[in-house]
Every structure is written in C-alpha cells, then in structure tokens.
Amino acid sequence: MPTIYEQVRRFYSRQMQLIDSGRVEDWVETFADDAVIANNANPAPARGREVITKVAHRIVADAHEQGLVHRHWLDMLTVEPIDEDRLETTFYALVVETAKGGTPGLFRSTRGRDVLVRRGSGWQVRERYVTHDGS
C-alpha cells in the first residue's frame, strides 16, 4: 500500500497530465463539487465545478488556438494531515510553454497550497490557492 505522500504525488502527476492533455472533464473530476480555486493574479476565485470547468475549457482552448503546449511541473511537495480525511499540501509548480515549432520556455512560476479531501480510495481538491511569482 502506498504511503499518503506517494498517493498525493500520484494524484498530482495524474491531475497535471490530464489538464496538459486537454482532458478538462476528467481533470475537473479531481476537484470536489464545492471546490474553490484562487490565485493572486485574478480578483475573484472560481467556485464550484461548473465555474472551474468553464474557466479550464477557456484556458485550454486559448492555448490550442495559439498553437501552445503547456506542461505543468509540480514538486517541492509537502503533505500535512489535517485529520483522517483531509490533507494540506504545499508545492511549487512551473508551467513550461512551447509554441509549435518553438523552443520551450518558462511561462509561469508559482507556489500552491491545497486542501485535499478523501474520496473513496483517492483524493480531490477542496481548496486551491496559487501565488503567481511576480504578480
């Protein structure tokens, strides 16, 4: 049986690969129904799966229309239990952006903090707070 830390690493690996491959509907399933995503670059947080789905579809479509590929790289992960069914995680995430025929470059550098909740044998994001470096 994998440790909680390994479960969380696998969770994030899957979650980042889902969004990078444009699988928004599968990606949004990694969030609780009442999830919140907030960051310091936008004035209003996205609340609930419906809003999160709309925002994610727009971001993925915009990148596709511009011929851009994004790859999220998440590491420097810490995992702290809140209770049996909730964890707080912190991490650094880099987003590499590559234009068709172009050279990969750093698009964004961030620090994240999530509250994960247990769902069955896995985890979902209940709260995500992202700080964009330079914002």
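This text follows the structure it describes.
Residues numbered from 1 in each chain as written. Predicted model: local features only at pLDDT ≥ 70, side-chain atom pairs only at ≥ 80, totals over all residues. Heavy atoms only, no water.

(A) Seen up close, the overall build of the chain. Helix and strand content of the chain: three helices and six strands. Secondary structure elements in the chain, listed N-terminal to C-terminal, are α-α-β-β-α-β-β-β-β. Its C-alpha atoms give the chain a radius of gyration of 15 Å, within 12% of the compact-globule value 14 Å for 135 residues. Residues counted as buried form 36% of the 135 residues belonging to the chain. Within the chain, counting contacts between residues at least 6 apart in sequence, those at least 24 apart form 49% of the total. Accessible surface computed for the chain: about 8,300 Å², of which carbon and sulfur atoms make up 52%. In the chain, the 18 positive side-chain charges and the 20 negative ones have mean positions that sit 1 Å from each other. (Helix = DSSP H or I, 4+ residues; strand = E, 2+ residues; numbered from the N terminus. Rg over C-alpha atoms; globule rule 2.2 N^0.38 Å. Buried < 20%, exposed > 50% of the residue type's maximum accessible area, 1.4 Å probe, protein only. Contact = heavy atoms within 4.5 Å. Areas by Shrake-Rupley, 256 points an atom, 1.4 Å probe, with all protein chains shown as cover. Lys, Arg positive; Asp, Glu negative; His and termini not counted. Charge placed at Lys NZ, Arg CZ, Asp CG, Glu CD.)

(B) Local environment of the nonpolar core. The biggest cluster of nonpolar side chains holds 24 residues, and the ones touching the most others in it are Val8, Tyr12, Trp27, Ile52 and Leu116. Listing elements by their share of this core, those giving two or more residues are α1 (4–20), α2 (24–28), β1 (31–39), α3 (48–65), β3 (68–83), β4 (86–99) and β6 (122–132). Among the elements that line this core, the one with the most residues is α1, at six residues. If we ignore the near neighbours within four places in the chain, the residues touching Ile52 are Trp27, Val28, Ala35, Ile37 and Ala46. (Core = buried A, V, L, I, M, F, W, Y, C linked by side-chain atoms within 4.5 Å.)

(C) Representation of the environment of Pro81 in the model. Relative to the elements of secondary structure, Pro81 occurs in strand β3. Considering only alpha carbons, one finds Pro81 and Ile4, 77 residues apart in sequence, at a separation of 9.2 Å. Apart from residues lying up to four places away in sequence, Pro81 is in contact with Arg86 and Leu87.

(D) Geometry of the pairing of β6. Sheet analysis places β1 next to β6, joined by five bridges and oriented parallel. In the sheet register, Ile37 faces β6, and the bridge partner there is Arg128. The hairpin formed by strand β5 (residues 105–119) and β6 contains two residues between the paired strands, and Gly120 there has a positive phi angle of roughly 60 degrees. (Pairing = 2+ DSSP bridges.)

(E) Seen up close, the environment of Ile52. Secondary-structure assignment places Ile52 in helix α3. Assessed through its relative accessible area of 2%, Ile52 is described here as buried. The spacing of Ile52 and Arg10 is 42 residues in sequence and 22 Å in space, taken between C-alpha atoms.

(F) Examining α1 more closely. For α1, spanning 17 residues, the distance from its first C-alpha to its last is 24 Å, which sits close to the expected 24 Å at 1.5 Å a residue. Of the positions making up α1, those classed as buried are Gln7, Val8, Phe11, Tyr12, Gln15, Met16, Leu18, Ile19 and Asp20. With its phi angle positive at about 80 degrees, Gly22 sits one or two positions after the end of α1. (Expected span 1.5 Å × (residues − 1).)

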